[in-house]
Amino acid sequence: MRAHEAGALHGDIGSRGPAWLRPPSDVNDLVPELWPVTVTRSEKGSLTIGGLDVRDIAQEHGTPAYILDEADVRERCRRFRNGFAGADVYYAGKAFLCKAMVRIIAEEGLSLDVCTGGELAVALAAGMPPERIGLHGNNKSGSELRRAVEAGVGRIVVDSFEEIDRLTAIAKDKNKTPKVMVRVTVGVEAHTHEYIATAHEDQKFGFSLFGGAAAQAVDKIIEEKKLDLIGLHSHIGSQIFDTSAFELSARRLLQLHKQVQDKHKIELPEMDLGGGFGIAYTTQDDPADPADLGAQMFGLVKRECDALQLNVPRLSVEPGRAIVGPSVFTLYEVGTVKDVDGIRTYVSVDGGMSDNIRTALYDSWYSATIASRKGDNTPMLARVVGKHCEAGDIVVKDEFLPADVRPGDLLAVPGTGAYCRSMASNYNHVPRPPVIAVANGAARVIMRRETEDDLLALDVG
Ligand SMILES: Cc1ncc(COP(=O)(O)O)c(C=O)c1O
Ligand SMILES: N[C@@H](CCCC[NH3+])C(=O)O
């Protein structure tokens, strides 16, 4: 069963948890699909990552902390690069971005999608070649566009008529011809949470295919001759398992591609099918292998192109979550265990919605395990909550933990590499956790922990 189908069971939670969540035969077992590749439970009972014991990492760097398995993230980059050989893979930096991550991406031969001036600044500061950067955004400011043109980014994905005008003015002023793609809203209802679906009609992103705006945007760019239109773009949403949604999107995009060719007698050289490939947050999720995704996407584009008598454009995709999501777990320390009589056991950790907003925002599911030791093999259904002043401050809605879980235990929540640190906040003046990258038995801080002094430094009143 896939994540969105599991969603149908969300009603059946109560204190027994969702119907799909069953007590494991050994509550200390790790479900391999949910953990970065080098994570194991050692003889001593604690988790190790990249050969390091999480207790030592916690001792040195404190908790909460995001722990990134560098071997895992590099392997994911390679799988996408190989699975999509002949296409360009743009890592969607919004999932998680810092200079070390940019360098990993660059070293592994991927390109980079940024969607604000801030993300562009990180990419350039880390030395990402500008021609391998694509800029997105539904409301790029004049200064963001200007910076992108000055830096010479490889492509700008235009999203509104105002932006076309803004960018055209900048291009004239700078005497440059930036490469652009047109973001098309293809009208596909992707099976994912409403807030992360982006290709249905009622939507802030892109130009509508069915309303005719996408064709008008293309006409305008071609007729004005100030921007270099290299292709069409579609991104249908995030955490998607249903490949038929990508197929429908590609088919619709290619129909427009064909119309452009017939009308303007130009062959658009590229086409971007976006990101959104789902990952496993719980045992209910069954993500596709990048090699299969690549083969399917190439296959369907080839078939459609043959049917429409088109040359196959150079494809690109933009995975974010599938590159970094499973490579990270968050390490917390348990502070309290509260049994609310006959209703539920609440396990409070030293972070919460400020380091992972996804549970509160999208009703997302996560998993958890005690990381510092093996617990009693008596599974107890628990809810992992944070320390914020908010009843909805839930990290893991339901999970079986050892019944002897207690204050001082380290608790690890896997699958937190994407959209956790990048969406972290300072709610309740909680400093944001560090990101610690582990590789070959060594841990290095790639983003340091925020301090109260950092927070006070902004407070100049
Ligand atoms: C335009 C665009 N490309 C790529 C992505 C990456 O999505 P994901 O992290 O789900 O692969 C997003 C986010 O949904 C996006 O908006
Ligand atoms: N932030 C979202 C995904 C949206 C990505 C950007 N369009 C998530 O956590 O799942």
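Bear in mind the structure is a predicted one, so any value in this text is a computation, not a measurement. (Residues numbered from 1 in each chain as written. Chains lettered and ligands numbered in written order. Predicted model: local features only at pLDDT ≥ 70, side-chain atom pairs only at ≥ 80, totals over all residues.)

Re the overall build of the chain
Step number 1: Each helix and strand counted, the chain has 13 helices and 21 strands in total.
Step number 2: A compact globule built from 461 residues should have a C-alpha radius of gyration of about 23 Å, and the chain, at 23 Å, falls within 12% of that.
Step number 3: Counting only C-alpha atoms and orienting by the principal axes, one finds that the chain spans roughly 70 × 50 × 40 Å.
Step number 4: Counting only residues that meet the buried cut, the chain has 48% of its 461 residues in that class.
Step number 5: Of the contacts formed within the chain by residues at least 6 apart in sequence, a portion of 70% connects residues at least 24 apart. (Helix = DSSP H or I, 4+ residues; strand = E, 2+ residues; numbered from the N terminus. Rg over C-alpha atoms; globule rule 2.2 N^0.38 Å. Buried ≥ 20, exposed ≤ 12 C-beta atoms within 10 Å, placed from the backbone. Contact = placed C-beta atoms within 7 Å.)

Some thoughts on the confidence of the model for the chain
Do not read the fine detail of predicted coordinates wherever pLDDT is low.
Step number 1: Overall, the prediction assigns the chain a mean pLDDT of 94, with 95% of residues at 70 or greater.
Step number 2: Within the chain, helix 1 (residues 3-6) has the poorest average pLDDT of any element, 38, and strand 4 (residues 65-69) the best, 99.
Step number 3: Both confidence scores are given for the complex: pTM 0.95, ipTM 0.98. (pLDDT = per-residue confidence, 0-100.)

Re the domain arrangement of the chain
Step number 1: According to the domain assignment, the chain consists of domain 1 (3-68 + 326-452) and domain 2 (136-319).
Step number 2: Of note, the centres of domain 1 and domain 2, computed from C-alpha atoms alone, are 36 Å apart. (Domains from an automatic or database assignment.)

Section: the nonpolar core
Step number 1: Counting residues in hydrophobic clusters, the biggest one holds 124 residues, and the most contacted among them are Ile67, Leu112, Val182, Leu331, Leu411 and Ala412.
Step number 2: For this core, the leading source of residues is helix 9 (residues 243-264), giving eight residues.
Step number 3: Composition of this core by domain shows at least three residues from each of domain 1 (3-68 + 326-452) and domain 2 (136-319).
Step number 4: Alanine 412 has contacts with Leu47, Val54, Phe329, Leu331, Ala368, Thr369 and Ala371, leaving out every residue within four places of it along the chain. (Core = buried A, V, L, I, M, F, W, Y, C linked by C-beta atoms within 7 Å.)

Description of the UniProt feature "domain: Orn/DAP/Arg decarboxylase 2 C-terminal" (unreviewed entry) in the chain
Step number 1: What UniProt calls "domain: Orn/DAP/Arg decarboxylase 2 C-terminal" (unreviewed entry) maps, in this numbering, to residues 327-417.
Step number 2: As annotated, residues 327-417 has a helix share of 5% and a strand share of 46%, and its two end C-alpha atoms lie 6 Å apart. (UniProt positions renumbered as here; feature names shortened; annotations may be inferred.)

Comments concerning the sheet that holds strand 1 (residues 40-41)
Step number 1: As summarised here, the arrangement of the three strands in space is 1-2-3, forming an open sheet in which the pairing is antiparallel. The open sheet terminates on both sides in strands that have one partner only, identified here as strand 1 and strand 3 (52-53). (Pairing = 2+ DSSP bridges.)

Section: the packing of helix 7 (residues 161-174) against helix 8 (residues 213-224)
Step number 1: At their nearest, the axes of helix 7 and helix 8 sit 10 Å apart, and the two run at 15° to each other. With respect to helix 8, the element helix 7 is oriented roughly parallel. Here the hand of the crossing between helix 7 and helix 8 comes out right-handed. Facing Phe161, Ile164 and Thr168 of helix 7, the residues of helix 8 in contact are Ala217, Lys220, Ile221 and Glu224.
Step number 2: Class assignment for the residues of the contact of helix 7 with helix 8 results in four nonpolar, one polar and two charged. (Axes fitted to C-alpha atoms, helices over the stretch in contact; angles between N-to-C directions. Parallel < 35°, antiparallel > 145°, perpendicular 65-115°, else oblique. Left-handed = near helix turned anticlockwise from the far one by under 90°. Nonpolar A, V, L, I, M, F, W, Y, C, P; charged D, E, K, R; others polar.)

Points about helix 2 (residues 54-61)
Step number 1: Those residues of helix 2 lying buried are Val54, Ile57 and Ala58. In a view along the axis of helix 2, the buried residues occupy a sector of 95°, so they form one face of it. Away from its buried face by more than 90 degrees, helix 2 exposes Asp56, Gln59 and Glu60.
Step number 2: One or two positions beyond helix 2, positive phi appears at glycine 62, with a value near 80°. (Arc of directions from axis to C-beta.)

A look at the pairing of strand 15 (residues 344-349)
Step number 1: Alignment of strand 14 (residues 328-340) against strand 15, held across six bridges, turns out to be antiparallel. Within strand 15, the position partnered with lysine 338 by the bridge is tyrosine 346.
Step number 2: Hairpin remark: strand 14 followed by strand 15, antiparallel, with three residues in the connecting loop; positive phi at glycine 342, about 70°.

Some details on the site of ligand 1
Step number 1: Every one of the 17 residues lining ligand 1 counts as a neighbour, but Ala92, Ser238, Gly275, Gly320 and Arg321 are closest to it.
Step number 2: Partitioned by chemical class, the residues of the shell around ligand 1 number six nonpolar, eight polar and three charged. (Near = placed C-beta within 6 Å.)

Brief notes about the packing of helix 8 against helix 9
Step number 1: Where helix 8 contacts helix 9, the axes come no closer than 11 Å and their chain directions differ by 40°. Between helix 8 and helix 9, the angle is such that the two are oblique. The handedness of the crossing between helix 8 and helix 9 is right-handed. Within the contact between the two elements, helix 8 uses Ala214, Ala215, Val218 and Ile222 and helix 9 uses Leu256, Gln259, Val260 and His264.
Step number 2: Residues belonging to the contact of helix 8 with helix 9 are distributed by class as follows: six nonpolar, two polar and no charged.

Section: unusual backbone geometry
Step number 1: Look at the link from threonine 63 to proline 64: it is a cis peptide, with omega at -10°.
Step number 2: With respect to the helices and strands, the residue proline 64 is situated in the loop between helix 2 and strand 4.
Step number 3: The phi torsion at glutamine 239 lies on the positive side, around 60°, for a residue other than glycine.
Step number 4: In this structure, glutamine 239 sits in the loop between strand 11 (228-233) and helix 9.

Description of helix 4 (residues 99-107)
Step number 1: Taken together, the buried positions of helix 4 are occupied by Met101, Val102, Ile104 and Ile105. End-on, the buried residues of helix 4 take up no more than an arc of 160°, which puts them together on one face.
Step number 2: Against helix 3 (70-83), strand 5 (88-92), strand 6 (111-114) and helix 5 (117-125) lie the buried residues of helix 4.
Step number 3: Glycine 109 occupies a position one or two residues after helix 4 and carries a positive phi of about 85°.

Structural notes on the environment of threonine 116
Step number 1: Counting through the fold element by element, threonine 116 comes out in the loop between strand 6 and helix 5.
Step number 2: With 18 C-beta atoms counted inside 10 Å, the residue threonine 116 sits in the partly exposed group.
Step number 3: Along the sequence, threonine 116 and aspartate 88 sit 28 residues apart, while their C-alpha atoms lie 21 Å from each other.
Step number 4: Sequence-distant contacts of threonine 116, defined by excluding residues within four places in its chain, comprise Gly137 and Glu144.

Quick look at the pairing of strand 6
Step number 1: By the alternation rule, side chains of strand 6 split into Ser111 and Asp113 and Leu112 and Val114, which are all buried.
Step number 2: Pairing between strand 5 and strand 6: three bridges, direction parallel. Counterpart to tyrosine 91 in the pairing with strand 6 is leucine 112.
Step number 3: Assessed by its sense of winding, the connection that carries the chain from strand 5 through helix 4 to strand 6 is right-handed.
Step number 4: Two elements, strand 6 and strand 7 (residues 133-135), share three bridges in a ladder whose sense is parallel. Looking at the pairing, valine 114 lines up with leucine 135 of strand 7.
Step number 5: Crossover handedness for the path strand 6 to helix 5 to strand 7: right-handed. (Right-handed = clockwise from strand over helix to strand, strands pointing away.)

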